[in-house]
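# Fold and contact review
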Amino acid sequence: MTSTMGNEASYPAEMCAHFDNDEIKRLGRRFRKLDLDKSGSVSVEEFMSLPELRHNPLVRRVIDIFDTNDDGEVDFKEFILGTSQFSVKGDEEQKLRFAFSIYDMDKDGYISNGELFQVLKMMVGNNLADWQLQQLVDKTIIILDKDGDGKISFEEFSAVVRDLEIHKKLVLIV
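What you see is a predicted model; the values in this text were computed from it and never measured. Note on numbering: residues in each chain are counted from 1, in written sequence order. This being a predicted model, a pLDDT of at least 70 is required before a residue's local features are given, and a value of 80 or more before pairs of side-chain atoms are given or counted; all residues contribute to the totals for chains, interfaces and linings. Water and hydrogen atoms play no part in the side-chain values, which are based on all heavy atoms of the structure.

What follows concerns the overall build of the protein chain. Looking only at helices and strands, the protein chain has 10 helices and 4 strands in total. Helix and strand assignments follow DSSP, with helices taken as H or I runs no shorter than four residues and strands as E runs no shorter than two, numbered in order from the N terminus. The helix and strand sequence of the protein chain, counted from the amino end, reads α-α-β-α-α-α-β-α-α-β-α-α-β-α. The classification of residues rests on relative accessible area computed with a 1.4 Å probe and restricted to protein chains. Under 20% of the type maximum is buried, over 50% is exposed, and intermediate values are partly exposed. Each of the 174 residues in the protein chain was classed as buried or not, and the buried ones make up 41%. Only heavy atoms enter the contact rule, under which two residues are in contact if any of them lie within 4.5 Å. Counting contacts in the protein chain only where the partners sit at least 6 residues apart, residues at least 24 apart contribute 57% of the total. Only the protein chains shown count as cover for residues, and all accessible areas are computed by the Shrake-Rupley method using a 1.4 Å probe. Of the roughly 9800 Å² of accessible surface on the protein chain, a fraction of 55% belongs to carbon and sulfur atoms.

Let's shift gears to the pattern of salt bridges. The rule for a salt bridge is simple: a side-chain nitrogen of Lys or Arg has to be within 4 Å of a carboxyl oxygen of Asp or Glu. Under the criterion given, the structure shown has 4 salt bridges. Between Arg61 and Asp64 there is a salt bridge, with its nearest N and O atoms 3.3 Å apart. Of this pair, Arg61 and Asp64 both sit in helix H5 (residues 59-66), 3 residues apart, which is roughly one turn of that helix.

UniProt positions are given in the numbering used here, feature names are shortened, and annotations may be inferred rather than shown by experiment. As annotated by UniProt and renumbered to match this structure, "domain: EF-hand" (unreviewed entry) occupies residues 22-57, 59-89, 91-126 and 132-167. In residues 22-57, the share of helix is 61% and the share of strand is 8%. The end C-alpha atoms are 31 Å apart. Between the first and last C-alpha atoms of residues 91-126 the distance is 35 Å; the span itself is 67% helix and 6% strand.

On to the packing of aromatic side chains. Between 30 and 60 degrees the pair is tilted, below 30 it is stacked and above 60 it is edge-to-face, where a pair is any two Phe, Tyr or Trp rings, Trp via its six-membered ring, whose centres lie within 6.5 Å. Under the defined criterion, the tally for this structure stands at 6 aromatic pairs. Measuring from ring centre to ring centre gives 5.2 Å for Phe31 and Phe76, while their planes differ by 70 degrees; the resulting arrangement is edge-to-face. Taken together, the positions of Phe31 in helix H2 (residues 21-34) and Phe76 in helix H6 (residues 76-84) put the pair 45 residues apart, joining distant regions of the chain. For the pair Phe31 and Phe76, a shared accessibility class is recorded, and that class is buried. With 5.3 Å between their ring centres and 55 degrees between their planes, Phe31 and Phe79 make a pair best called tilted. You can see Phe31 sitting in helix H2 and its partner Phe79 sitting in helix H6, a full 48 residues away along the chain. Accessibility assignment for this pair places Phe31 and Phe79 in one class, buried. Among the aromatic residues, those joined into a cluster by ring pairs are Phe100, Tyr103, Phe154 and Phe157.

So this is what it looks like as structure tokens:
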């Protein structure tokens, strides 16, 4: 990572599309605070050092989505591109795709029964017995799966989630 981190002139246009110069600088400062070992990337452990993230069951999934090169860490470009999905300038489609990707663990474009179970298990922990959770997952798949292929497509997911206006809640004020 160069010493000009936070200097918007040193980054490609797609990194700056959703943030203005001051927001990029503030995100640069936040990134440097997260990067405890000054390696130029943030590990799961470094993200988990934040008290507000430590107990969030979906932090690892969000990190997996931000980590586009699958090296197990989030560099500054991935951080900016990832957080841009929560920008007030981000569009509804982008936010819905992000929410969908939380569940689409294998990135095949569908949410399978097993993926939905795994993500919901992260959220509910041991508050539900596995058989109860599996019943919930099965019912959810039956309700959302309009084409009968046994899995949830982005279109099927969006048809339900769009009405919840989740995109309006997925906003980061920088």
